[in-house]
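# Survey of secondary and tertiary structure
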Amino acid sequence: MTLLAFGINHTTAPLALRERVAFAPENLHSAMQEACAHAGLAEVAILSTCNRTEIYASSESDARAIQQWLVSHTAIEADDLVKSYYCYQDQDAVRHMMKVAGGLDSLVLGEPQILGQMKSAFASAKEAGTLGAELHATFQQVFNIAKRVRTETAIGENPVSVAYAAVSLAQQIFSNLKQDTALLIGAGETIELVARHLAEQGIKHIIVANRTLDRAQRLASEFSGEAILLADIPEQLHRADIVISSTASQLPLLGKGAVESALKKRKHKPMFMLDIAVPRDIEEQVGELDDVYLYTVDDLHAVIDENKKSRVAAADQAEEIINEGVEQFLRHQRALNAVETVKAYRQKAEQMRDAELQKALRSLQTGANPEQVLQTLARNLTNKLIHSPTAVLKEASAGSRHHVLQVAQELFDLSLPVASIESVNSAANNSSDASEPQ
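Only a predicted model underlies this, so the values are computations on that prediction, with no experimental measurement involved. (Residues numbered from 1 in each chain as written. Predicted model: local features only at pLDDT ≥ 70, side-chain atom pairs only at ≥ 80, totals over all residues. Heavy atoms only, no water.)

Let us now look at unusual backbone geometry. Of the consecutive residues Val278 and Pro279, the connecting peptide bond is found in the cis state with omega at 0°. Structurally, the position occupied by Pro279 is in the loop between β9 (271-275) and β10 (292-296). Despite not being glycine, Asp413 has its phi angle at roughly 55°, a positive value. Looking at where Asp413 falls in the secondary structure, it is placed in the loop between α17 (402-411) and α18 (418-435). Taking the relative accessible area as the measure of exposure, Asp413 reaches 67% and is therefore exposed. (Helix = DSSP H or I, 4+ residues; strand = E, 2+ residues; numbered from the N terminus. Buried < 20%, exposed > 50% of the residue type's maximum accessible area, 1.4 Å probe, protein only.)

This is the structure we're talking about:
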């Protein structure tokens, strides 16, 4: 089986393309099950965020199978996907997953939300029954390394999240937020962080709009705000100076007509609107209105880049931890490769033991001398156990395969006289020299 990490992200594809391959949370289970059934994947997990859609799989197929399935399952065109996707295999896939979980591959270097999103992807795959032993072990190692990156480096200090960048961008439009009202659409983790940053900057009033009123009320109450339903947005929109939206809706929630009506009620007082959802919550045409400053998640780069410099040294440290993590993972995988050989060797030894034991018991039952029976048992068992290795070692020596002898010394923990070891090493070196072209 090959481990694959296939995807597109903010560095390889624009928002217009990313939103066409975004998976809604309620569709993840069926999508993963379909991928296993139709793309020939033995195991699969899907991570879908505003900045990336990635498919992690264990498969005997290659990237083409995932590519074909993704084209058939989503609205993306094959040519667009070919220009934008990346695919890592085996240890490179593990390394990529560790960088993603550690925040090193994020739009915001070191942002903490991605680890929680990866854990959610892991849990969803487990619930859908598409997570097997290989992906399970991979995710566990990925999570362990991400935790080390967080605790052993400064990558998470002075957090610069998408939410922080969103509020910073709003401050560039409205220098004094203490006179402004913010309408936050959604009630997830990102919107909660936005609300906290706005509150820290002294925002005058916060309105939270959500599909369910209870969740909106819980969030709004933390900031002495008010809660409304999504259906109430058109009649309340004129009150908002700042609109920041982040939902999982597959269709836009705000259209050009609703915003035009709100602007008339505001007497064309400017509105700052930031859509950090993928797919977008606010129709692209809203940006054509004169009194609207509409931004998307891709417009946050400039704000974020200024905050990257302080994290570069921490990122270098994190890369070292990830390198260690990849090596640990590979050592573990190589160790697993020996399991079947060890089991077979143990089974063979136990069969030899049982056969000799039965002979010894039969001899004792016929009245044979117990001491002689034990000596015969020990001698026969020893001879049987060393017969095959001895034959192989003699054949290897005769064929000048001296590396086999060196491995045997390590395998059987043999302490040979110095002269014998030097003789084997010398023979091995001479054999190596002789094989080199003159």
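And the narrative resumes.
Time to look at a nonpolar patch on the surface. There is a patch of nonpolar side chains on the surface, built from Tyr345, Val407, Leu411, Phe412 and Leu414 and spanning about 530 Å² of accessible area. With respect to the helices and strands, the residue Tyr345 is situated in helix α15 (residues 339-365). (Patch = residues over 30% accessible without salt bridge, like charges linked within 9 Å, V, L, I, M, F, W, Y side chains within 5 Å. Areas by Shrake-Rupley, 256 points an atom, 1.4 Å probe, with all protein chains shown as cover. Salt bridge = Lys/Arg side-chain N within 4 Å of Asp/Glu carboxyl O.)

Turning our attention to the environment of Met97. Its location among the elements puts Met97 in helix α5 (residues 90-101). On the basis of relative accessible area, Met97 is assigned to the buried category, the value being 0%. Through-space distance from the C-alpha of Met97 to that of Ala78 is 25 Å; in sequence the pair is 19 residues apart. When near neighbours in sequence (up to four residues on either side) are disregarded, Met97 contacts Tyr56, Met118, Thr138, Phe139 and Val142. (Contact = heavy atoms within 4.5 Å.)

As a further point, take the pattern of salt bridges. Note that side chains of opposite charge can pair when their charged atoms are close. Applying the stated rule across the entire model yields 19 salt bridges. The partner of Glu324 in a salt bridge is Arg148, with the nearest N and O atoms 3.2 Å apart. Here Glu324 is found in helix α14 (residues 312-337), whereas its partner Arg148 is found in helix α7 (residues 133-152), with 176 residues between them in sequence. Since its relative accessible area comes to 40%, Glu324 is described here as partly exposed.

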